[in-house]
Amino acid sequence: MNNAIARTTALLSTCALLLTGCGGGTKTVTNSATNSPNSTTNNPATDTTATTGTSSGAIPIGIAVAQTSNVALLGQEEVAGAKLAEKYFNSKGGVNGTPIKLVFQDTSGDETGAINAFQTLINKDKVVGIVGPTLSQQAFSADPIGDRAKVPIIGPSNTAKGIPEIGDYVARVSAPVSIVAPNSVKAALKQNPQLKKVAVFYAQNDAFSKSETEIFQQTVKDQGLELVTVQKFQTSDTDFQSQATNAINLKPDLVIISGLAADGGNLVRQLRELGYKGLIVGGNGLNTSNILPVCKALCDGVLIAQAYSPEHPGEINAAFRKAYNDEYKKEPPQFSAQAFAAVQVYVEALQALDKKSKVNKLQLPELRTELNKQILVGTYNTPLGEIAFTPIGEVVQKDFYVAQIKMAKDGSQGKFTFLK
């Protein structure tokens, strides 16, 4: 892991998404209208257990995502999307005149970090709900804590099987991998109908990657393709020569990778360096522009299924896309759009609840319970398109896409090009 993190440190230090407070542990990182880094500490909205304190302050919503570790390549995009949502919805009046205030906790990349972040947000920061964590692996450990405390949780990027089933207070805006993943394999077949042999790689220490690879492997069989090998690795690995060589010797026409950005990017690079010339499909963990500096020119051609397109029609996506472009000078990625959507769900559910029963008059436990009920019955027109939830908290989404990475020959820049 140390080698992987070292290679991404230079990227993150100059990345436009690198935000303040990215130290280790669970240091509180706040974002307020005044941008004061310590403004949450004495905020009456978060200091009382009796009520939300919204009569004298903003409504606190927790953001528990990975700002450090190798998972930060994904978490930083979620931070960016959440902050844009905070600014956008507060400019529109917040919750019927009361602003929201995001309270950030760094989950890092493991289960312990997610658990600590959730506990701090629930017990110290007294948030009304939580967006997070980044990984499904973390969700299986941290979400039960929120569920037992009866605090609403919205997963922004948890796509593994079984996430909504964790508890009554757990929902997600990230479509399950079973719906999204097969699209990229079908796109590969469309580009090369002669595909026959497939090699699969997956990170065996990551719950999402294990769940995703099962879907990919079933899709390979359903499409009548031959699965010639399944190679395992760890998300902390940096050297994939053995697995890559074993696969290449079997002469696959297609390689499918389920991992995260740092390890997945390095695996793509090493496959190409060792001579593999066929198509590559990347899973959702590779679905970030932060992978581009990892494999550079060798990222070119990788196919990745998408639950978001910057070109999706609609006023809210146009506003989100413009805000992201203005801030970061590039198109918004899926993880930012999903984090924006998660915050939006909280805001619009709070607005609806406030019209029925003023939220600043409710005690915090009651507010959390009523907010959770409201989330599940609402319909939301988000950058992802129109979404809703099933009674157990599974997202209902209509629109999905596939993008292909296109890189400059020198590897200096690249982008996700959406396929028609």
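Since the structure is predicted, the reported quantities are computational estimates derived from the model, not experimental observations.

Asker: Mind laying out the pairing of strand β9 (residues 254-258), listing which residues take part and the relevant values?
Answerer: Across the five residues of β9, five count as buried, placing the element largely inside the fold. Burial of the side chains of β9 extends over both faces: Leu 254, Ile 256 and Ser 258 are buried on one face and Val 255 and Ile 257 on the other.

Asker: I'd love a proper account of unusual backbone geometry, names of residues and values included.
Answerer: Going from Gly 132 to Pro 133, the amide bond is cis rather than trans, its omega being -10 degrees. The backbone of Ser 108 shows a phi angle near 55 degrees, a positive value even though the residue is not glycine. Following the sequence through the fold, Ser 108 ends up in the loop between β3 (100-106) and α4 (111-123). Of note, the phi angle at Lys 296 is positive, near 50 degrees, even though the residue is not glycine. Looking at where Lys 296 falls in the secondary structure, it is placed in the loop between α11 (292-295) and β11 (303-306). Look at Lys 296 and you get partly exposed, because its relative accessible area is 48%.

Asker: Residue-level account of the side chain of Gln 306, with values.
Answerer: Turning to its location among the elements, Gln 306 is positioned in strand β11. With a relative accessible area of 3%, Gln 306 lands in the buried category. A distance of 3.4 Å separates the side chain of Gln 306 from the backbone oxygen of Ile 304, its partner in a polar contact. If near-sequence neighbours (up to four positions away) are discounted, Gln 306 is found in contact with Val 180, Asn 287, Gln 334, Phe 400, Tyr 401, Val 402, Ala 403, Phe 416 and Phe 418.

Asker: Tell me about the sheet that holds strand β14 (residues 395-397), and please be specific about residues and values.
Answerer: A sheet is described by the order of its strands in space; here three strands give the open sequence β12-β13-β14, paired in antiparallel fashion. A single partner strand is all that each edge strand has here, and the edge strands are β12 (379-382) and β14. Adjacent strand axes in the sheet meet at a mean angle of 30 degrees, parallel and antiparallel pairs treated alike. The strands touched by helix α13 (residues 334-356) within the sheet are β12 and β13 (385-389), with β12 carrying the most contacts at an inclination of about 135 degrees.

Asker: Now, about the sheet that holds β11: what can you tell me, with residues and values included?
Answerer: The sheet built from seven strands is open, its strands ordered β8-β7-β9-β10-β11-β15-β16 with mixed pairing. Bordering the open sheet on either side are β8 (226-233) and β16 (414-418), each of which pairs with just one other strand. Mean inter-strand twist for the sheet, computed between neighbouring axes without regard to direction, equals 25 degrees. Relative to β8, strand β7 (residues 197-203) is paired through seven bridges, and the arrangement is parallel. Within the sheet, the bridge partner assigned to Val 198 lies in β8 and is Leu 227. Against the sheet, helix α7 (residues 182-191) engages β9, β10 (279-282), β11 and β15 (401-407), with an angle of about 135 degrees to β11. Lying over the sheet, helix α8 (residues 207-222) contacts β7, β8, β9 and β10, oriented at roughly 170 degrees with respect to β7.

Asker: Quick one: what's the story with the state of the cysteines, residue by residue and with numbers?
Answerer: Evaluation of the coordinates by the stated rule reveals one disulfide. Between the sulfur of Cys 295 and that of Cys 299 lies a disulfide, 1.9 Å long from S to S. Classification of the bridge connecting Cys 295 and Cys 299 rests on its S-S torsion, roughly 100 degrees, and on that basis the disulfide is right-handed. Across this residue pair, the class does not change: Cys 295 and Cys 299 are buried.

Asker: So what's going on with the side chain of Arg 272? Residues and values would help.
Answerer: Considering the arrangement of structural elements, one finds Arg 272 in helix α10 (residues 261-273). Asp 300 provides the closest opposite charge to the buried, unpaired Arg 272, separated from it by 7.3 Å. The contact partners of Arg 272, leaving out residues within four places of it in the chain, are Lys 277, Gly 278, Ile 280, Leu 298 and Asp 300.

Asker: Account for the pattern of salt bridges, with residues named and values stated.
Answerer: Applying the stated criterion to the full structure yields seven salt bridges. Across the pair Asp 326 and Lys 322 runs a salt bridge, and its minimum N-O distance is 2.8 Å. With Asp 326 and Lys 322 both in helix α12 (residues 315-328), this residue pair falls four residues apart, about one helical turn. You can call Lys 322 exposed: its relative accessible area is 54%. Notably, a salt bridge pairs Glu 370 with Lys 373, separated by 3.4 Å at the nearest N-O pair. Pair noted here: Glu 370 and Lys 373 are both in helix α14 (residues 364-377), with a separation of three residues, about one helical turn. For Glu 370, a relative accessible area of 27% corresponds to the partly exposed category.

Asker: Give a detailed account of the pairing of β3, specifying residues and quantitative values.
Answerer: Across the seven residues that make up β3, a large majority, seven, are buried. Neither face of β3 is open: one carries Ile 100, Leu 102, Phe 104 and Asp 106, the other Lys 101, Val 103 and Gln 105, and all of them are buried. Bridging between strand β2 (residues 59-65) and β3 involves seven bridges; their strand directions are parallel. Note on β3: the bridge partner recorded for Ile 63 is Phe 104. In this fold, the crossover linking β2 to β3 by way of helix α3 (residues 72-91) has right-handed handedness.

So, how was this worked out
- Residues numbered from 1 in each chain as written.
- Predicted model: local features only at pLDDT ≥ 70, side-chain atom pairs only at ≥ 80, totals over all residues.
- Heavy atoms only, no water.
- Buried < 20%, exposed > 50% of the residue type's maximum accessible area, 1.4 Å probe, protein only.
- Helix = DSSP H or I, 4+ residues; strand = E, 2+ residues; numbered from the N terminus.
- Polar contact = N/O pair within 3.5 Å; in protein donor to acceptor, adjacent residues only side chain to side chain.
- Contact = heavy atoms within 4.5 Å.
- Pairing = 2+ DSSP bridges.
- Axes fitted to C-alpha atoms, helices over the stretch in contact; angles between N-to-C directions.
- Disulfide = S-S within 2.5 Å.
- Lys, Arg positive; Asp, Glu negative; His and termini not counted.
- Salt bridge = Lys/Arg side-chain N within 4 Å of Asp/Glu carboxyl O.
- Right-handed = clockwise from strand over helix to strand, strands pointing away.

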